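Listed below, chain by chain, are the residues.
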Amino acid sequence: MSTRKDKFTAQDKQIMKLAFNIASSRKGLTGNNPSVGCVITKKNQIVSIGRTGLNGRPHAEYNAIKDCHENLNGSKMYVTLEPCNHYGKTPPCTKKIIKSGISHIYYPIEDIDKKVKGKSFKILTKNKIKVYRGLLKSLSKDFYKSYNINRKKKLPYVTGKIAVSKNNLIYSKKNRKITNELSDKFTHVLRYKNDSILITYKTLNKDNPKLNCRLKGLEGFSPKKIILDNKLNSKLNKFVITKANKNDTIIFYNEASKSKVLHFKKKKILLIKSRLDKNKYFYFQDVLKKLFKIGCRNLLIEGGGILTNNLIKKRIFNEFYFYKGERALSKFSDYLKFEDFDLLREKYKKKINLNLKLGRDKITLFKK
């Protein structure tokens, strides 16, 4: 059976929110599979929790059942997405649920994967498990937006960021530091949550960034490095180039001499040839499609002014983090000003002021 949304109790909502909090801890780290959270209760007490394993397996429901040391007959399961019902690299979760003795299951929405969608409801109800759908449905739709884009469009979910000084500069040769240490740590959280990070060769040559995650204990989750470099003008002595490992550093290019190509291949760089438009910019949809084919699901773009302007115009970003630092930068040397704030507000109507306690720095999240 299923219920209407207004039939859910305050406790049901509270437990499902907990399941989403559990799922959020693995969001961006589960490969092709969605990050799912699961809570099992019995007699109004939580008896087990589970989340999707790193790279997508085992599934949250399996983990919650496996780690529970109580008899689950008559218990309730709250899970953030429709359980899987087919054999893949792991057995179906529905089979595990039925065998466990769980009598009630709650989930917000169906999985859009055609192998799963709507089928679990039939399997579970046929086995006399009461199924309740629609609990925190709107929260679920927002939470699984990136997963849905991956599945429907076969594209990575694209997150952008840019940092702007108090006087709206994104660069000053005299003093380059824009944000404080707290804001910098949040940037490393974004790097941790995205499997790939993209810049242009101009940013590489000018700033020599490391593009890794430097949060203690999470260094192993550093994203793949993606560089847009039409003519392979990236300098070979830059950190990202010298530290490249096979397939963790990728350069998109369009034309270059054989000797240049050979130099980069010797550095263990994966080179991908890609088209340019009439303005000599890469066709970004082509770049995204090629990145998806090689496993990119969540892409962070830390671009300069030109790339950011181009991608905002085309609404390539699914979400965009706008950092506003407390410091003013010098204009008595080479500098670049951010000119696209009005364009950003025009193209991305949903604006969220994040309360992250970053001192005097502020971050605003823009969404489509």
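Quick note: structure is the one above.
Here we summarise the structure given alongside this text. Computed from a predicted model, the values in this text were never measured in an experiment.

Rules used in this analysis
- Residues numbered from 1 in each chain as written.
- Predicted model: local features only at pLDDT ≥ 70, side-chain atom pairs only at ≥ 80, totals over all residues.
- Heavy atoms only, no water.
- Buried < 20%, exposed > 50% of the residue type's maximum accessible area, 1.4 Å probe, protein only.
- Helix = DSSP H or I, 4+ residues; strand = E, 2+ residues; numbered from the N terminus.
- Pairing = 2+ DSSP bridges.
- Core = buried A, V, L, I, M, F, W, Y, C linked by side-chain atoms within 4.5 Å.
- Contact = heavy atoms within 4.5 Å.
- Axes fitted to C-alpha atoms, helices over the stretch in contact; angles between N-to-C directions.
- Salt bridge = Lys/Arg side-chain N within 4 Å of Asp/Glu carboxyl O.
- Patch = residues over 30% accessible without salt bridge, like charges linked within 9 Å, V, L, I, M, F, W, Y side chains within 5 Å.
- Areas by Shrake-Rupley, 256 points an atom, 1.4 Å probe, with all protein chains shown as cover.
- Lys, Arg positive; Asp, Glu negative; His and termini not counted.
- Charge placed at Lys NZ, Arg CZ, Asp CG, Glu CD.
- Disulfide = S-S within 2.5 Å.
- Parallel < 35°, antiparallel > 145°, perpendicular 65-115°, else oblique.
- Left-handed = near helix turned anticlockwise from the far one by under 90°.
- Nonpolar A, V, L, I, M, F, W, Y, C, P; charged D, E, K, R; others polar.

Considerations on the pairing of strand β1 (residues 37–42)
Alright, step 1. Taking burial as the measure, the six residues of β1 include five buried ones, the bulk of the element.
Alright, step 2. Note that β1 and strand β2 (residues 45–51) share six bridges and pair antiparallel. Directly across from T41, in β2, lies its bridge partner I46.
Alright, step 3. Pairing of β1 with strand β3 (residues 76–79) involves four bridges; the strand directions are antiparallel. Note that in β3 the partner of T41 across the bridge is K76.

Considerations on the nonpolar core
Alright, step 1. With 37 residues, the main nonpolar core has M16, I40, M77, I97 and I105 as its most contacted residues.
Alright, step 2. Residue assignment for this core shows that the elements contributing at least two residues are α1 (10–24), β1, α2 (60–66), β3, β4 (104–107), α4 (119–126) and β5 (130–133).
Alright, step 3. No other element matches the six residues that α1 contributes to this core.
Alright, step 4. For I105, the contacting residues outside a window of four places in its chain are M77, V79, P83, I97, L124, I129, K130, V131 and Y132.

Some points on the sheet that holds β4
Alright, step 1. The strand order across the open sheet built from five strands is β2-β1-β3-β4-β5, with neighbouring strands paired in mixed fashion. The open sheet terminates on both sides in strands that have one partner only, identified here as β2 and β5. Along the sheet, successive strands turn relative to each other by an average axial angle of 15 degrees, direction set aside.
Alright, step 2. The strands touched by α1 are β1, β2, β3 and β4; relative to β1, the strand with the most contacts, the crossing angle is about 140 degrees.
Alright, step 3. The strands touched by α4 are β4 and β5; relative to β5, the strand with the most contacts, the crossing angle is about 150 degrees.

Quick notes on helix α11 (residues 284–293)
Alright, step 1. Considered for burial, the residues of α11 that qualify are F284, D286, V287, L288, L291 and F292.
Alright, step 2. Residue G295 follows α11 closely and has a positive phi angle near 105 degrees.

Points about the sheet that holds strand β8 (residues 196–200)
Alright, step 1. Read across the open sheet, the nine strands follow the order β11-β10-β9-β8-β12-β6-β13-β16-β15; overall the sheet is mixed. Single-partner strands in this sheet number two, and they are β11 (270–273) and β15 (350–354). Mean inter-strand twist for the sheet, computed between neighbouring axes without regard to direction, equals 20 degrees.

Describing the pattern of salt bridges
Alright, step 1. A complete count under the given rule lists ten salt bridges for this structure.
Alright, step 2. Across the pair D67 and K66 runs a salt bridge whose closest N-O atoms are separated by 2.9 Å.
Alright, step 3. For D67, a relative accessible area of 41% puts it in the partly exposed group.
Alright, step 4. Note on K66: relative accessible area 42%, which makes it partly exposed.

A short note on a positive patch on the surface
Alright, step 1. Residues K117, K137, K141, K152, K153, R315, K349 and K368 make up a contiguous surface patch of positive charge.
Alright, step 2. At the level of secondary structure, the elements contributing two or more residues to the positive patch comprise α5 (137–143) and α6 (145–153).

Topic: unusual backbone geometry
Alright, step 1. Cis geometry marks the peptide bond from R57 to P58; its omega dihedral reads -5 degrees.
Alright, step 2. The residue P58 is located in the loop between β2 and α2 in this model.
Alright, step 3. The residue K154 is not glycine, and still its phi comes out positive at about 55 degrees.
Alright, step 4. Looking at the secondary structure, you find K154 in the loop between α6 and β6 (157–164).

Examining the pairing of β3
Regular strands place side chains that alternate from one sheet face to the opposite one.
Alright, step 1. The sheet contact formed by β3 and β4 spans three bridges and is parallel. In the sheet register, Y78 faces β4, and the bridge partner there is Y106.

Re the state of the cysteines
Two cysteines joined by a covalent bond between their sulfur atoms form a disulfide.
Alright, step 1. With the rule as written, the count across this model stands at zero disulfides.
Alright, step 2. Note on C93: no disulfide assigned, nearest cysteine sulfur contributed by C84 at a separation of 3.7 Å.
Alright, step 3. Here C213 is not cross-linked by a disulfide; its sulfur's nearest cysteine counterpart is in C296, at 16 Å.
Alright, step 4. On the basis of relative accessible area, C213 is assigned to the buried category, the value being 2%.

Some remarks on the packing of helix α3 (residues 93–100) against α4
Alright, step 1. The interhelical angle for the contact between α3 and α4, taken along N-to-C directions, is 20 degrees, at an axis separation of 10 Å. On the basis of the axis angle, α3 is roughly parallel to α4. Handedness of the crossing formed by α3 with α4: right-handed. Where α3 abuts α4, its residues T94, I97 and I98 lie against S120, I123 and L124.
Alright, step 2. Taken together, the residues of the contact of α3 with α4 break down into four nonpolar, two polar and no charged.

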